[in-house]
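# Residue-level structure breakdown
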Amino acid sequence: MNWKNIEGLDGVESPGLLVDSDKIQQNIDRMIEIVGGAEHVDRLFPHVKTHKMPEVTRMQVDAGITKFKAATLSEAQMAAGAGASEVLIAHQLVGPKLDRLATLIEDFPNTKFAVLTDDPQAADAINEKCGDADSPLDVYIDIDCGMHRTGIPLGARSDALRAHIDSLSGLNFAGLHVYDGHLHDPDLQQRTDKVKEILGKVALHEKEHPSPRIIVGGSPTFGIWAAETDWHLSPGTTLLWDFGYGDAHPDLPMTIAAALISRVISKPGEGKICIDLGHKSIAAEMPLEKRFQFPDLPDAQPIGQSEEHLVLQTANAASLHVGDIVIAIPRHICPTVALHSHATVVSGGRVTGERWQVTARDR
């Protein structure tokens, strides 16, 4: 799809986030196909951190996906309000966040909340603030399978933590959380081999210590886990997709469903344009030259970016005028969405007039 040819873009302010609801639906359908079709849809446990929008969550609920992962309490609240039957907060909660979780549990009695832990003291605090002997809170042990960000290795430490959780009357050991966010190999066979290595370790551990549930994988690997196991799967970026994953993992049949609208606001010199796409509008954790693609300006090279400006060098500068629309595709959609208060909805090649609020961008 040529985003620039969408009917009604002239009335959309820039910089702004665009989402194509048709393409989001296609991505949901493909996620379901990857796990084996509608009869296996309950295996999906997708993350909401990418989109942070209740409308996208409701689209998944309508497709039979009712279990979700969240990184923040605001994301968990958004998912619960959109009809989630289960929400796993995949972030070890500490401090005042535990009081907020207790409030969420009270406010959304139809949603089953769960948390992660990798530490006995953290489990004690969770039990003290949120535990309930009559209705124990589900707790998953966070397993470090190679990312070395959070979690503990399988073995003596995880077994001891499980025993500790079992000793706390207000908590229920719900299973293992095995996130392989370090696996980004472009080569599918290499990615598959690394998944199988993790799978083998988990499967060996499960023979002696079976878990009620295992939640595995991220967007680059969930198709592999889907084929190799019957465990639960937690992709996230698959809902909106971006060119970072798209270029690196062409084996995944997802479609880019989000873009950014910007406009030329100045022409500071020969062969140069300045557009209103500063680093407050697009994720800036990557080096400057890797943050964006411009479908209609494939030769564009960034010269500099500040809070509200991006200067580009392009052979097409002479044909562009101040006020012209420039469409950008972000490399990393998840933090990009969090920079926008709302998304303008596109469907059938036109702007629909709907605005979807990014309600969970506020922690």
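Just above sits the structure.
Residues numbered from 1 in each chain as written. Predicted model: local features only at pLDDT ≥ 70, side-chain atom pairs only at ≥ 80, totals over all residues. Heavy atoms only, no water.

### Things to note about the state of the cysteines
A covalent bond bridging the sulfur atoms of two cysteines is what the word disulfide describes. The line we're drawing: We call a pair of cysteine sulfur atoms a disulfide when they lie within 2.5 Å.
Taken as a whole, this structure holds zero disulfides when the rule is applied. Here C334 is not disulfide-linked; the sulfur of C145 is the nearest cysteine sulfur, at 18 Å.

### Quick look at the layout of surface pockets
Stated formally: A cavity here means a set of points on a 1 Å grid, drawn over the protein atoms and nothing else, where a 1.4 Å probe fits but cannot get out; a pocket is an open set with protein on both sides within 12 Å along at least five of seven lines, and a residue lines either one if it has an atom within 4 Å of a point. Grid points are joined across faces, edges and corners, and a volume is the space filled by probe spheres set on the points. Helix and strand labels come from DSSP, where a helix needs a run of H or I of at least four residues and a strand needs a run of E of at least two; each type is numbered from the N terminus. Any residue that is not Ala, Val, Leu, Ile, Met, Phe, Trp, Tyr, Cys, Pro, Asp, Glu, Lys or Arg is counted as polar, Gly included; the first ten are nonpolar and the last four charged.
Here the second largest pocket is characterised by a volume of approximately 350 Å³. Around the second largest pocket, the lining comprises 19 residues; the ones closest to its centre are C145, L154, E197, I198 and K201. With eight residues, the single largest contributor to the lining of the second largest pocket is helix α7 (residues 188–208). In terms of residue class, the lining of the second largest pocket is built from eight nonpolar, six polar and five charged.

### Concerning the side chain of D20
Applied cut-off: A 1.4 Å probe rolled over the protein chains alone gives each residue an accessible area, and that area as a share of the maximum for its type sets the label: buried under 20%, exposed over 50%, partly exposed in between. For the charge count, each Lys or Arg is scored as positive and each Asp or Glu as negative, with His and the chain ends excluded. Put simply, a salt bridge is a Lys or Arg side-chain nitrogen that is within 4 Å of an Asp or Glu carboxyl oxygen. Polar contacts, as counted here, are pairs of nitrogen or oxygen atoms within 3.5 Å of one another; within protein the pair requires one atom able to donate a hydrogen and one able to accept it, and residues that are adjacent in sequence qualify only if both atoms are side-chain atoms.
Examined against the element boundaries, D20 turns out to sit in strand β1 (residues 16–20). Nearest to the buried, unbridged D20 among oppositely charged side chains is K23, at 4.9 Å. A polar atom in the side chain of D20 sits 2.9 Å from the backbone nitrogen of D22.

### Here we look at α7
For clarity, the threshold we go by: Expected span of a helix, by definition, is 1.5 Å for each gap between consecutive residues, and there is one gap fewer than residues. Directions pointing from the helix axis toward each C-beta atom define the arc. Should any heavy atoms of two residues lie within 4.5 Å, those residues are considered in contact.
Taking 1.5 Å of rise per residue, the 21 residues of α7 would be expected to cover 30 Å, and the 31 Å separating its terminal C-alpha atoms lies within 8% of that figure. Buried within α7 are the following residues: R191, T192, V195, I198, L199, V202, H205 and E206. What you see down the axis of α7 is that its buried residues fit within an arc of 150°, all on one side. Opposite the packed face of α7, turned more than 90 degrees from it, sit the exposed residues K201, L204, K207 and E208. Residues of α7 that are buried in the fold lie against α6 (156–166), β6 (171–178), β7 (214–216) and α8 (222–228). At the N-terminal end of α7, a side-chain oxygen is found 3.1 Å from the backbone nitrogen of Q189, two or three residues along, and the residue is D187.

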